[in-house]
Amino acid sequence: MQSIGLQAKDSDLPYFIKMKGTKVMSLSPKKLEVFSTAVFFNTYNNRAKITEVDIDLFLDNRYIGKVTNHVDVLVHKRSTFDVPLIYSKESPISDIGGLLWKGGRLIAGKDIKVRYIGYIKMKVIGFIPIKIKFEDEVYYSLY
Amino acid sequence: MKKYFVCLLLLLIVLSCKNSSDKDLLSYKNVYGLSIEDLDKKRALLSAEIAFANKTESKDYKLKEVNIDIIVDGIDMGTYYSRDIMDFRSQSQLKVPMKHGLDQGKLIGQKEKLPTSFVVQVKGKASFVDIHGKVVSVSIEHKETVRPATTRRQKRREKRKERRMMKQERKIVNEKGSNQ
């Protein structure tokens, strides 16, 4: 890797820092929308481009779906970069009772656990693929 | 049995007091020299120095990480993150330099004129570790109005813009005069 100008060591690959701005925008049997931003650090001295996002979303330990859409994010050299994760689906799951229960809990002021497990793939200098795995959970409450 | 319980309770109280005093003795002081430069470039540069104080009598720490969210005029401008290890000796101050690139498009948006000031909010935490591996987190919060540094290139651009505007105005006036 050193020979083509990458200055990060194998042990110093780009890594996940934290999740921020997690919001459950809509939680009803008709629509489910969860927004969040994953923050990563590009350890390389080169720019990169995100090519793939594959993240499983869980609400209170229940699998909801996959976040695969990604916005074009400029990844600058040796700096942090934000990847917005947007999950939006009409008539999301068959378990309406469970969903209503979660919605009721949110309104009552309790928090729900939002968990993300997956990876992002990016290409450094246009062709070197890098995969960053991550797992994180956030407790979200309305108030 | 009762005696042991009382001893254990006392020990716990002493330990908790010791921990809390450590946290109090390691503190965030201020953010100095907050400035925005290179506003005419695609990526403007926000730089500052974050100061911490170590008031412990004989306990040295090492800076483990700094994790700060940067908000400018209410817009999230990303996160500054650093894992650079720095020594933090007892009875001393530590100034951590911070440099963060700001996306010009996000910063200025579709405003016609360059803003003369920005409200910069810095929010996050720094983690320190002692020789035994105990981690102490210190939260950072600072808000300041910053006037961006104007560069020569910027001034020249503004002058050129003014001249262009004057020319256009003159043209319009001349056209009106010739029509009459």
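Residues numbered from 1 in each chain as written. Chains lettered and ligands numbered in written order. Predicted model: local features only at pLDDT ≥ 70, side-chain atom pairs only at ≥ 80, totals over all residues. Heavy atoms only, no water.

### Focus on the overall build of chain B
When you go through chain B residue by residue, the secondary structure sums to three helices and eight strands. Across chain B, helices and strands are ordered from the amino to the carboxyl terminus as α-β-β-β-β-β-β-α-β-β-α. By residue count, 33% of the 180 residues in chain B fall in the buried class. Of the contacts formed within chain B by residues at least 6 apart in sequence, a portion of 67% connects residues at least 24 apart. About 12,600 Å² of surface is accessible on chain B, with carbon and sulfur atoms providing 53% of the total. (Helix = DSSP H or I, 4+ residues; strand = E, 2+ residues; numbered from the N terminus. Buried < 20%, exposed > 50% of the residue type's maximum accessible area, 1.4 Å probe, protein only. Contact = heavy atoms within 4.5 Å. Areas by Shrake-Rupley, 256 points an atom, 1.4 Å probe, with all protein chains shown as cover.)

### Details of a positive patch on the surface
All names here are of chain B. Taken together, the side chains of Lys 113, Arg 152, Lys 155, Arg 156, Arg 157, Lys 159, Arg 160, Lys 161, Arg 163 and Arg 164 define a basic patch exposed on the protein surface. The topology assignment puts Lys 113 in the loop between helix H2 (104-108) and strand S7 (118-130). Among the residues examined, Lys 113 registers a relative accessible area of 71% and is labelled exposed. (Patch = residues over 30% accessible without salt bridge, like charges linked within 9 Å, V, L, I, M, F, W, Y side chains within 5 Å. Salt bridge = Lys/Arg side-chain N within 4 Å of Asp/Glu carboxyl O. Lys, Arg positive; Asp, Glu negative; His and termini not counted. Charge placed at Lys NZ, Arg CZ, Asp CG, Glu CD.)

### Some details on the packing of aromatic side chains
Both the distance between ring centres and the angle between the ring planes are used here to describe each pair of aromatic rings. All names here are of chain A. According to the stated counting rule, one finds eleven aromatic pairs over all chains in the structure shown. Ring centres of Tyr 15 and Phe 41 lie 5.6 Å apart, and the angle between their planes is 25 degrees; on these two criteria the pair is classed as stacked. Of this pair, Tyr 15 sits in strand S1 (residues 15-27) while Phe 41 is found in strand S2 (residues 31-42), placing the two residues 26 residues apart along the sequence. Owing to a relative accessible area of 14%, Tyr 15 belongs among the buried residues under this scheme. The exposure class assigned to Phe 41 is buried, which follows from its relative accessible area of 8%. (Phe/Tyr/Trp six-rings, centres within 6.5 Å; stacked < 30°, edge-to-face > 60°.)

### Thoughts on the sheet that holds strand S6 (residues 79-90) of chain A
Residue and element names in this part refer to chain A. With respect to topology, three strands assemble into an open sheet ordered S1-S2-S6, the strand pairing being antiparallel. A single partner strand is all that each edge strand has here, and the edge strands are S1 and S6. Along the sheet, successive strands turn relative to each other by an average axial angle of 15 degrees, direction set aside. Bridging between S2 and S6 involves twelve bridges; their strand directions are antiparallel. Bridging across to S6, Thr 37 finds its partner in Pro 84. (Pairing = 2+ DSSP bridges. Axes fitted to C-alpha atoms, helices over the stretch in contact; angles between N-to-C directions.)

### Re the side chain of A:Thr22
Residue and element names in this part refer to chain A. Structurally, Thr 22 can be placed in strand S1. Accessibility expressed as a relative area gives 11% for Thr 22, which makes it buried. When sequence neighbours within four positions are dropped, the list of residues in contact with Thr 22 reads Phe 35, Ser 36, Val 114, Val 138 and Tyr 140.

### Here's the deal with the pairing of S1(A)
Residue and element names in this part refer to chain A. When you tally the buried positions in S1, you get ten out of 13 residues, the bulk of the element. Relative to S2, S1 is paired through nine bridges, and the arrangement is antiparallel. Counterpart to Tyr 15 in the pairing with S2 is Phe 41.

### Concerning the environment of A:Lys121
Residue and element names in this part refer to chain A. On the secondary structure map, Lys 121 appears in strand S7 (residues 112-124). For the pair Lys 121 and Lys 49, spaced 72 residues apart in sequence, the C-alpha separation works out to 8.7 Å. The contacts of Lys 121, once residues within four sequence positions are left out, are Lys 49, Ile 50, Thr 51, Glu 52, Ile 130 and Lys 131.

### Examining the interface of chain B and chain A
On the side of chain A, ten residues touch chain B, which itself brings nine residues to the contact. Here chain B packs against chain A, burying approximately 820 Å² in sum over the two surfaces, 46% of which is carbon and sulfur. Contact with chain A buries surface across chain B, with B:Arg43, B:Thr79 and B:Tyr81 losing the most and accounting together for 57% of the total. With a closest N to O distance of 3.9 Å, B:Asp69 and A:Lys20 form a salt bridge. Of all elements in the fold, only strand S3 (61-72) and strand S4 (75-82) of chain B reach the threshold of two or more residues within the side of chain B that touches chain A. Here the side of chain B that touches chain A gets four residues from one element, more than from any other, and that element is S4(B). Looking at the side of chain B that touches chain A residue by residue, the classes come out as one nonpolar, four polar and four charged. (Buried area = accessible area lost by both parts, 1.4 Å probe. Nonpolar A, V, L, I, M, F, W, Y, C, P; charged D, E, K, R; others polar.)

### Comments concerning the sheet that holds strand S2 (residues 43-54) of chain B
Residue and element names in this part refer to chain B. Read across the open sheet, the three strands follow the order S1-S2-S6; overall the sheet is antiparallel. Either end of the sheet is taken by a strand with one partner, and the two such strands are strand S1 (26-37) and strand S6 (92-103). This sheet shows a mean twist of 20 degrees between the axes of neighbouring strands, independent of strand direction. In the sheet, S1 pairs with S2 via nine bridges, with the strands oriented antiparallel. Directly across from Leu 26, in S2, lies its bridge partner Asn 54.

### Considerations on the side chain of A:Lys20
Mapped onto the elements of the fold, A:Lys20 is located in strand S1. Within the structure, A:Lys20 has its side chain in polar contact with the side chain of B:Asp76 (distance 2.9 Å). (Polar contact = N/O pair within 3.5 Å; in protein donor to acceptor, adjacent residues only side chain to side chain.)

### Some thoughts on the confidence of the model for chain B
Per-residue confidence for chain B gives a mean pLDDT of 84, with 86% of residues at or over 70. Across the interfaces of the predicted complex, the ipTM metric reaches 0.75, alongside a pTM of 0.74. (pLDDT = per-residue confidence, 0-100.)

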